[in-house]
Amino acid sequence: MRRQKKTTGKIFIISGPSGSGKTTLLKRALLNKSLKNKLAKSVSLTTRPKRSGEREGRDYFFVSPAEFRQLNKAKKILEWTRYLSYDYGTKRDYLEDKLKKVRHLALCLDLRGALKLKKLYPENAVTIFVEPPSINELRKRIEGRCSKTKPEEVDRRVKLAVAELKNAHRYDYILKNKNLAKAESRLKGIILKEIGV
Ligand code: ADP
Ligand code: 5GP
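All values reported here derive from a predicted model rather than from experimental measurement. (Residues numbered from 1 in each chain as written. Chains lettered and ligands numbered in written order. Predicted model: local features only at pLDDT ≥ 70, side-chain atom pairs only at ≥ 80, totals over all residues. Heavy atoms only, no water.)

Participant: So what exactly am I meant to see when it comes to the sheet that holds strand 4 (residues 60-62) here?
Facilitator: Paired through their backbone hydrogen bonds, the strands of a sheet run either parallel or antiparallel. Here we have 4 strands laid out as an open sheet, ordered 4-3-6-5, and mixed in their pairing. The open sheet terminates on both sides in strands that have one partner only, identified here as strand 4 and strand 5 (77-83). Ignoring which end each strand starts from, the neighbouring axes of this sheet average 25 degrees apart. Bridge count between strand 5 and strand 6 (residues 86-91): 6 bridges; the pairing is antiparallel. (Pairing = 2+ DSSP bridges. Helix = DSSP H or I, 4+ residues; strand = E, 2+ residues; numbered from the N terminus. Axes fitted to C-alpha atoms, helices over the stretch in contact; angles between N-to-C directions.)

Rendered as structure tokens:
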């Protein structure tokens, strides 16, 4: 695999089961005074339908399966994964461009994406695993997040979570997200420490 060009910024890769709070924590970190203008979020491509409240270009670039396949065939996708029958991926040009323009970058990816970016950017990638307090709480969070999520999909996400939790030890940091304010503060602490502020 070819190594990517050197970049001086840190690349924070946030993983964890669906509903563990990755998006919420990252959104809050991006609004934090001490991180503003230092950290930007990478927006992924996905073929899954938009949830209520999600916006094109802010939360994801929503594409059709055919568009995703075509981009992948043209080698325009740096890393990708299939999660519960939908595809998710990071656009190569988008990421390289962002790394040139912003100081530090954060991405929400699954384990496969986290390991791939760690390999491509060994000196810059910092991996963080967000852990829910319990499986029951995780289920409640997935159900509470979007009323459009069908019960079968909630079940599938919860079932996958049990497997995903076994990989927490493969990350640089494990971040328990029970109390949101405490988890947010810990995430901020990790980021500030890693960027050397
Ligand atoms: P993910 O991005 O990991 O799939 P989200 O950030 O979408 O998860 O969080 C799932 C749901 O749980 C959201 O409705 C969010 O508001 C809620 N949530 C996140 N963290 C907490 C927390 N510490 N306590 C209670 N609810 C939370
Ligand atoms: P969700 O449907 O809950 O937004 O995301 C489902 C899963 O896909 C999460 O684990 C999320 O981190 C992962 N994911 C989202 N975008 C990407 C991506 O571009 N690449 C990879 N590898 N995983 C992604």
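Back to the text.
Participant: What is the right way to read the pairing of strand 6 from this model?
Facilitator: Relative to strand 6, strand 3 (residues 44-46) runs antiparallel, the two being bridged by 2 bridges. What sits directly across from Leu45, in strand 6, is Gly89.

Participant: Can you walk me through the environment of Gly89 in this structure?
Facilitator: Checked against the element boundaries, Gly89 lands in strand 6. You can call Gly89 buried: its relative accessible area is 1%. With 45 residues separating them along the chain, Gly89 and Ser44 place their C-alpha atoms 5.6 Å apart. (Buried < 20%, exposed > 50% of the residue type's maximum accessible area, 1.4 Å probe, protein only.)

Participant: Would you mind going over the site of ligand 1 with me for this structure?
Facilitator: Around ligand 1 lies a shell of 13 residues, among which Gly19, Thr23, Thr24, Arg145 and Asn177 are the nearest. Gly21 places a main-chain nitrogen or oxygen 3.0 Å from an oxygen atom of ligand 1. For ligand 1, whose unbound accessible area comes to 570 Å², protein coverage reaches 77%. Mapping ligand 1 onto the cavity grids shows that it belongs to the largest pocket. Where the shell around ligand 1 is concerned, the elements lending two or more residues are helix 1 (22-31) and helix 5 (135-145). Residue contributions to the shell around ligand 1 peak at 3 residues, all from helix 1. (Near = heavy atom within 4 Å. Polar contact = N/O pair within 3.5 Å; in protein donor to acceptor, adjacent residues only side chain to side chain. Areas by Shrake-Rupley, 256 points an atom, 1.4 Å probe, with all protein chains shown as cover. 1 Å grid on protein atoms, 1.4 Å probe; cavity = no way out; pocket = protein on both sides within 12 Å on 5 of 7 lines; lining within 4 Å. Sits in = over half its atoms within 2 Å of the grid points.)

Participant: What should I look at first to understand the packing of aromatic side chains in this one?
Facilitator: With the rule as written, the count across this model stands at 6 aromatic pairs. By the ring-pair criterion, three or more aromatic residues cluster together here, those being Tyr60, Phe62, Tyr83 and Tyr88. Here the basic side chain of Arg112 rests over the ring of Trp80, its NZ or CZ set 5.2 Å away from the ring centre. (Phe/Tyr/Trp six-rings, centres within 6.5 Å; stacked < 30°, edge-to-face > 60°. Lys NZ or Arg CZ within 6 Å of the ring centre and 35° of its normal.)

Participant: Can you help me understand the side chain of Asp59 in this one?
Facilitator: Looking at the element boundaries, Asp59 is found in the loop between strand 3 and strand 4. One polar contact links Asp59 to Arg58, side chain to side chain, over a distance of 2.9 Å. In this structure, Asp59 is in contact with Lys27, Lys41, Val43, Gly53 and Glu54, ignoring residues within four places of it in sequence. (Contact = heavy atoms within 4.5 Å.)

Participant: What exactly am I supposed to notice about the nonpolar core here?
Facilitator: In terms of nonpolar packing, the biggest core is built from 19 residues, with Phe12, Leu35, Ile128, Leu175, Leu187 and Ile191 touching the most fellow members. Take this core: its biggest share by element is 6 residues, from helix 7 (residues 180-195). Leu35 has contacts with Ala29, Lys188, Ile191, Leu192 and Ile195, leaving out every residue within four places of it along the chain. Counting residues in hydrophobic clusters, the runner-up holds 18 residues, among them Leu78, Leu117, Leu120 and Ala168. (Core = buried A, V, L, I, M, F, W, Y, C linked by side-chain atoms within 4.5 Å.)

Participant: Got a minute to help me understand the layout of surface pockets in this structure?
Facilitator: A probe matching the size of a water molecule, rolled over the atoms, marks out where space remains unfilled. Here the largest pocket is characterised by a volume of approximately 1000 Å³. Looking at the lining of the largest pocket, the elements that each hand over two or more residues are helix 1, strand 5, strand 6, strand 7 (104-108), helix 4 (111-120), helix 5 and helix 6 (151-165). Looking at the lining of the largest pocket element by element, the count peaks at 5 residues for helix 1. Classifying every residue of the lining of the largest pocket gives 14 nonpolar, 18 polar and 15 charged. Of the voids in this model, the second largest pocket is the one considered here, and its volume is about 290 Å³. Around the second largest pocket, the lining comprises 13 residues; the ones closest to its centre are Pro49, Tyr86, Lys148, Thr149 and Glu153. If one sorts the elements of the lining of the second largest pocket by residue count, helix 6 sits on top with 4 residues. For the lining of the second largest pocket, the class distribution of residues is 3 nonpolar, 1 polar and 9 charged. (Points joined across faces, edges and corners; volume = space filled by probe spheres on them. Nonpolar A, V, L, I, M, F, W, Y, C, P; charged D, E, K, R; others polar.)

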